[in-house]
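Tertiary structure, described
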Amino acid sequence: MVEKVLMKGNEALAEAALRAGCRFFFGYPITPQTELAAYMAKRMPKAGGVYLQAESEVAAINMVYGASAAGARVMTSSSSPGVSLKGEGISYMIGADLPAVIINVQRGGPGLGGIQPSQADYWMATRAAGHGDGHVIVFAPSTVQEMADLVASAFELGDRYRVPVMILADGMLGQMMEPVALPEPIDSRSLPEKEWATNGHGGKRTHNIVNSLYLVAQQLEDTVVERSQRYARIKDEEQLAETYLTEDAEVVLVAYGAAARISRTAVAKARELGIKAGLIRPVTLWPFPVDTIETVIPVAKSFLTVELSMGQMVEDVRLAVNGRSPVSFFGHTGGVIPTPDEVLVAIQKAAMGEQFDLVPYHTRLTGGAR
Amino acid sequence: MSASIDSAANEMVDKKSEILFERPHALTDAITNYCPGCSHGIVQRLVAEVIDELGIEGETVGVCPVGCSVMAYDFYSCDMVQAAHGRAPAVATGLKRVLPDSVVFAYQGDGDLASIGMAETIHAATRGEKISVIFINNAIYGMTGGQMAPTSLPGQVTQTSPYGRDTETAGYPIRVCELLSTLDGVALAQRVTVDSPKNVRLAKKAIRKAFEYQIQGLGYSIIEVVSTCPTNWGFSPSDAFEWMRDNMLPYYPLGIYKDIKAAKGEQ
């Protein structure tokens, strides 16, 4: 059995990246992802890699763009306001078919927001990581162990499909410590060569070009359509979700990351009260695990989405359920963490079969529906 | 044609068939998007000649950011990366850090380098990033049709300074070589132009030095080429050079602003 070590989530992300063969890290300081950059600054030089503190988030993601174009496994990390700034570079990476791993340890927003845990960037991650027709694959870990495990998957899928991959964590997962069995390091020399990389043709091939510009409309449409076909494959093959007590569940909670941990406790409490509750925990947010939602539809009488936001993922749940059951929402935002008992109240309400949106003040002051 | 004339012609071809001028290998045969008389064509060729002379095409990666030069990825035979507006120094940094033994150059215009990408420029320079930057300063945004640039001269009329650049509201043009020469990471900062055969030769020498300094690991090099934009300035190519000499060169004097080797007495 692999020995477990006690690590912060942010550090687990960093160590797992190194073990996945990542030797290039470009970042900019921002709370609450700081431990990740600090870990990289300490470890990278000793691992023969490069840690570079960029002058800005914008520069950092463009350094990632350059390093990825050169064929390297490369990573950057930030938190919500910083990821907004990276949007430009992410869009260019999508357009140029460049893989990389981008970490977002979410904090509250909009604007400077706060530094407490949040899940308010779901839309940014899954809908609008940058301008244009495009997507990034989005992973949502909920334990420190998963922080470590998903990094390797992120690099693998990025390279396989030539798309940027985001790991959408939050301040709680980033800062908390848990025992973690770290993955075995891979030898980066064993990775398949990237034939498209702009690493000098050496007189052995014609020049490679990394580019996202197509001035002829038909050419641009063709590239976007080709990429969309890859997206279709990703949707078919890469959905990932964990289920908990869903087999006979009449009230199905859907929650990811930190909210899933709280929801799991609430589901157990609901079971003690005789309510048949279960939990779907999306591990990939894009592609959204619609197939898993489909499996619970025959038994489920209602759905309840729990998020650290005013309700973002709930839209995807409603799209997946498509009117076949009520889909309710409960959440806190701005860094306020819901308690399991609050979620339990929402489960009891959902068990009565009505659809509601429970947002903070209604919950606290009136407990009523909106 | 009679046989005797034919063989005489062949003899002439044999004697005279020494090639005196051809396209550098580092340039593809793609037709460029540059307007007639624009300095880009000359400068891009000089870069290609230098790549050929140094024999580094196979190890070179070029970065072309947004602007008139954005499609340079089609024009060079070496590996090429198109970059977002202003981000070429950051992209070049990423490339060079992964490929320390390669030669990485960025080819940037004035809006790109000195406006939207000034932060990336200054920080790549101060880090002493081992890249070579070719900077086309023609005092205007060319690709978008002639708007005021960070290097547009006081009083210069452009699409977005229709009454002339008013320094009260739009401030003053930036002298990039002077600015960057204060940074310790800069190995070479030189301003040249390409308005005459003599100046073209000087420009090529400077570009070659910028590549050599990179290969020698000396730091960031920038060659600023004071250039023309006949189309957006509204002049013929020769009048454009005349206007450049009369108006731009007094504000942007040619010369070497920093040369780390000369400073150490190595040259």
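Residues numbered from 1 in each chain as written. Chains lettered and ligands numbered in written order. Predicted model: local features only at pLDDT ≥ 70, side-chain atom pairs only at ≥ 80, totals over all residues.

Regarding the overall build of chain B
Each helix and strand counted, chain B has 11 helices and nine strands in total. Whereas a compact globule of 267 residues would reach a radius of gyration of roughly 18 Å, chain B reaches 20 Å, a difference of no more than 12%. Its C-alpha atoms give chain B principal-axis dimensions of roughly 75 × 45 × 35 Å. (Helix = DSSP H or I, 4+ residues; strand = E, 2+ residues; numbered from the N terminus. Rg over C-alpha atoms; globule rule 2.2 N^0.38 Å.)

Points about the interface of chain B and chain A
Every contact between the two is made by 28 residues of chain B and, on the other side, 32 residues of chain A. Where the side of chain B that touches chain A is concerned, the elements lending two or more residues are β1 (60–65), β2 (79–83), α3 (88–98) and α5 (118–126) of chain B. Looking at the side of chain B that touches chain A element by element, the count peaks at eight residues for α3(B). The residue inventory of the side of chain B that touches chain A, partitioned by class, reads 15 nonpolar, eight polar and five charged. Pairing of strand β9 (residues 209–210) of chain A with β2(B), which is carried by two bridges, proceeds in the parallel orientation. Each residue of the ladder has a partner; that of A:I209, found in β2(B), is B:M80. (Contact = placed C-beta atoms within 7 Å. Nonpolar A, V, L, I, M, F, W, Y, C, P; charged D, E, K, R; others polar. Pairing = 2+ DSSP bridges.)

Looking at unusual backbone geometry
Residues and elements named next belong to chain A. The peptide bond linking T31 to P32 adopts the cis configuration, its omega dihedral lying at 5 degrees. Mapped onto the secondary structure, P32 falls in the loop between β2 (24–27) and α2 (34–43). Cis geometry is found at the peptide bond from G109 to P110, where omega equals 5 degrees. Tracing the backbone through its elements, the reader meets P110 in the loop between β5 (100–106) and α5 (122–126). Phi at N322 is positive, roughly 55 degrees, even though this residue is not glycine. Given 12 C-beta atoms within a 10 Å radius, N322 is considered exposed. (Buried ≥ 20, exposed ≤ 12 C-beta atoms within 10 Å, placed from the backbone.)

A word on the packing of helix α3 (residues 57–69) of chain A against helix α4 (residues 80–95) of chain A
All names here are of chain A. Put simply, α3 and α4 touch, their axes get as near as 8 Å, and they point 30 degrees apart. Regarding the angle of α3 to α4, the classification is roughly parallel. In the crossing of α3 with α4, the sense of the turn from one axis to the other is right-handed. Here α3 contributes E57, V58, I61, N62, V64, Y65 and S68 to the contact with α4, which in turn contributes G82, L85, K86, E88, G89, I90, Y92 and M93. For the contact of α3 with α4, the per-class residue count stands at eight nonpolar, four polar and three charged. (Axes fitted to C-alpha atoms, helices over the stretch in contact; angles between N-to-C directions. Parallel < 35°, antiparallel > 145°, perpendicular 65-115°, else oblique. Left-handed = near helix turned anticlockwise from the far one by under 90°.)

Quick notes on the nonpolar core
Grouped together as the largest cluster of nonpolar side chains are 199 residues, with contacts concentrated most on A:V101, A:V151, A:I167 and B:L95. Residue contributions to this core reach at least three from each of two domains, namely domain 1 (4–237) and domain 2 (241–366) of chain A. The contact partners of A:V101, leaving out residues within four places of it in the chain, are A:A17, A:M75, A:V151, A:A154, A:F155, A:G158, A:V165 and A:I167. (Core = buried A, V, L, I, M, F, W, Y, C linked by C-beta atoms within 7 Å. Domains from an automatic or database assignment.)

Description of the domain arrangement of chain A
All names here are of chain A. As assigned here, chain A comprises domain 1 (4–237) and domain 2 (241–366). Placing the centre of domain 1 and that of domain 2 at their C-alpha centroids yields a distance of 29 Å. With 26 residues of domain 1 at the interface, the matching set in domain 2 holds 22 residues. Mapped onto the side of domain 1 that touches domain 2, the elements with two or more residues apiece are α5, β6 (137–139), β7 (164–170), α7 (171–175) and α8 (217–237). The dominant element in the side of domain 1 that touches domain 2, judged by the number of residues it contributes, is α5, at four residues. Grouping the amino acids of the side of domain 1 that touches domain 2 by side-chain chemistry returns 16 nonpolar, eight polar and two charged.

A word on the packing of helix α1 (residues 9–19) of chain A against α2(A)
Residues and elements named next belong to chain A. For the pair α1 and α2, the least separation of the axes is 7 Å and the interaxial angle reads 40 degrees. Looking at the two axes, α1 sits oblique to α2. Handedness of the α1/α2 crossing: right-handed. Each of N10, E11, L13, A14, E15 and L18 in α1 lies in contact with α2, whose residues at this interface are E35, L36, Y39, M40 and R43. Taken together, the residues that form the contact of α1 with α2 break down as six nonpolar, one polar and four charged.

Considerations on α1(A)
With respect to burial, α1(A) is a largely interior element, 10 of its 11 residues being buried. The positive-phi residue at the C-terminal boundary of α1(A) is A:G21, with phi of around 95 degrees.

A closer look at the environment of B:P162
With respect to the element layout, B:P162 can be found in the loop between β6 (147–148) and α6 (167–170). Separated by 15 residues in sequence, B:P162 and B:Q147 place their C-alpha atoms 9.4 Å apart.

A look at α2(A)
Taken as a whole, α2(A) has its buried residues at A:E35, A:L36, A:A37, A:Y39 and A:M40. In the core, the buried residues of α2(A) are packed alongside β1 (4–8), α1, β2, β3 (50–53), β4 (74–78) and β5 of chain A.

As for the sheet that holds β2(B)
As summarised here, the arrangement of the eight strands in space is β9(A)-β2(B)-β1(B)-β3(B)-β4(B)-β8(B)-β7(B)-β9(B), forming an open sheet in which the pairing is mixed. The open sheet has two edge strands with one neighbour each: β9 of chain A together with β9 (255–259) of chain B. The pairing of strand β7 (residues 186–193) of chain B with β9(B) spans four bridges and is antiparallel. Bridging across to β9(B), B:A189 finds its partner in B:K258.

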